[in-house]
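An overview of the molecular structure
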Amino acid sequence: EDTNAIIHEYTASGIYTVQLIGYGCDGVNDTLTFNINFEYTEPGYAGDGTLLTLYPNPISTGNSLAFFIGNIPEGTHYVNVNNNLGQRVDSFRIEDGNTNYLFPLDYAAGMYHFALQNDTEILEVEKLVVE
């Protein structure tokens, strides 16, 4: 009753039949049925570990995101975060390579692009899914 979202976790790939039944105050109900094709992937890392690696991915908002910066050349570097519309939502100045950084994540659900860059070029981009 008064539910805006229903969440279910699938742990195996496959085609699943989903059925939602809504009951009204007058005893009348309505049923929606549809199939979803779900492909399961293990939560893991985004990145190959060379310059920018994000963990965990996907992540739930409210958790802490770790990212590893690999062996970057001397100079000023940033990790700029854009949402799927290309809007900048965050930016981090990177002081040292070969370092792990940790920060609490409070982004809305969606996909984000983390770009490691210096003053002249983008060095690597990784996607992060926030659930």
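As the structure is a prediction and not an experimental result, all values here were calculated from the model. (Residues numbered from 1 in each chain as written. Predicted model: local features only at pLDDT ≥ 70, side-chain atom pairs only at ≥ 80, totals over all residues. Heavy atoms only, no water.)

1. Regarding the packing of aromatic side chains
Using the following cut-off: Think of it this way: a Phe, Tyr or Trp ring, Trp meaning its six-membered ring, pairs with another when their centres are within 6.5 Å, and the plane angle makes it stacked under 30 degrees, edge-to-face over 60, tilted otherwise. Strands are runs of DSSP state E lasting at least 2 residues, helices are runs of H or I lasting at least 4, and numbering of each runs from the N terminus. Relative accessibility under 20% of the residue-type maximum defines a buried residue, over 50% an exposed one, and the middle range a partly exposed one, all with a 1.4 Å probe and only protein chains included.
Counted according to the given criterion, the structure contains 5 aromatic pairs. Relative to Tyr-101, the ring of Phe-67 has its centre 5.5 Å away and its plane inclined at 15°; by these criteria the two rings are stacked. Of this pair, Phe-67 sits in strand S5 (residues 64-69) while Tyr-101 sits in strand S8 (residues 99-104), placing them 34 residues apart in sequence. Relative accessible area serves as the criterion here: at 2%, Phe-67 is assigned to the buried category. Relative to Tyr-112, the ring of Tyr-107 has its centre 4.9 Å away and its plane inclined at 40°; by these criteria the two rings are tilted. You'll find Tyr-107 and Tyr-112 in the same group, each marked buried. Through a chain of ring-to-ring contacts, the aromatic side chains of Phe-67, Phe-92, Tyr-101 and Phe-103 assemble into a single cluster.

2. Details of the environment of Gly-97
Counting through the fold element by element, Gly-97 comes out in the loop between strand S7 (88-94) and S8. Residues Gly-97 and Pro-73 lie 24 residues apart in sequence; the distance between their C-alpha atoms is 7.9 Å.

3. Let's talk about the sheet that holds S7
Quick note on the threshold: Following DSSP output, two strands are said to pair if at least two bridges run between them. Only the stretch in contact is used when fitting a helix axis, every axis being a line fitted to C-alpha atoms; angles between N-to-C directions are given from 0 to 180 degrees.
As summarised here, the arrangement of the 4 strands in space is S7-S6-S9-S10, forming an open sheet in which the pairing is antiparallel. Whereas interior strands pair on both sides, the edge strands pair on one side only; in this sheet they are S7 and strand S10 (122-130). In this sheet, adjacent strand axes meet at a mean angle of 20° when their direction is disregarded. Pairing analysis gives 8 bridges linking strand S9 (residues 110-117) to S10, with the strands arranged antiparallel. Bridging from a neighbouring strand, Phe-114 pairs with Glu-126 of S10.

4. Quick look at the side chain of Glu-124
Counted only if it meets this: Charge convention: Lys and Arg are scored as positive, Asp and Glu as negative, and His as well as the terminal groups of each chain are ignored. By salt bridge we mean one thing: a side-chain nitrogen of Lys or Arg within 4 Å of a carboxyl oxygen of Asp or Glu.
Here Glu-124 lies in strand S10. For the buried Glu-124, which has no salt bridge, the nearest side chain bearing the opposite charge is Lys-127, at an N-O separation of 13 Å.

5. Some points on the environment of Tyr-16
Inspection of the secondary structure assignment puts Tyr-16 in strand S1 (residues 14-23). Judged by relative accessible area, which is 23%, Tyr-16 ranks as partly exposed. Between the C-alpha atoms of Tyr-16 and Asn-37, which are 21 residues apart in sequence, the distance is 6.5 Å.

6. Observations concerning the nonpolar core
Worth spelling out the cut-off: Throughout this description, the term nonpolar core refers to a set of buried Ala, Val, Leu, Ile, Met, Phe, Trp, Tyr and Cys residues connected via side-chain atoms within 4.5 Å. We call two residues in contact whenever any of their non-hydrogen atoms come within 4.5 Å of each other.
One finds Phe-67, Ile-69, Val-79, Tyr-107 and Phe-114 to be the most contacted residues of the largest nonpolar core, which totals 21 residues. Contributing elements (two or more residues each) for this core: strand S4 (52-57), S5, strand S6 (77-83), S7, S8, S9 and S10. Phe-114 has contacts with Leu-52, Leu-54, Leu-65, Val-79, Asn-80, Val-81, Phe-103, Tyr-107, Glu-124, Val-125, Glu-126 and Leu-128, leaving out every residue within four places of it along the chain.

7. Re the environment of Thr-99
Selection rule: Polar contact is defined as a pair of N or O atoms within 3.5 Å, subject to the rule that within protein one atom must be able to donate a hydrogen and the other to accept it, and that residues adjacent in sequence are counted only when both atoms are side-chain atoms.
Following the sequence through the fold, Thr-99 ends up in strand S8. Only 3.5 Å separates the side chain of Thr-99 from the backbone oxygen of Asp-96, close enough to count as a polar contact.

8. Some remarks on the pairing of S4
With 4 bridges joining them, S4 and S5 adopt antiparallel strand pairing. Its bridge partner being in S5, Thr-53 is matched across the sheet by Phe-68. Between S4 and S5, which pair antiparallel and follow one another directly, the connecting turn spans 6 residues, one of which, Gly-62, has a positive phi of 95°.

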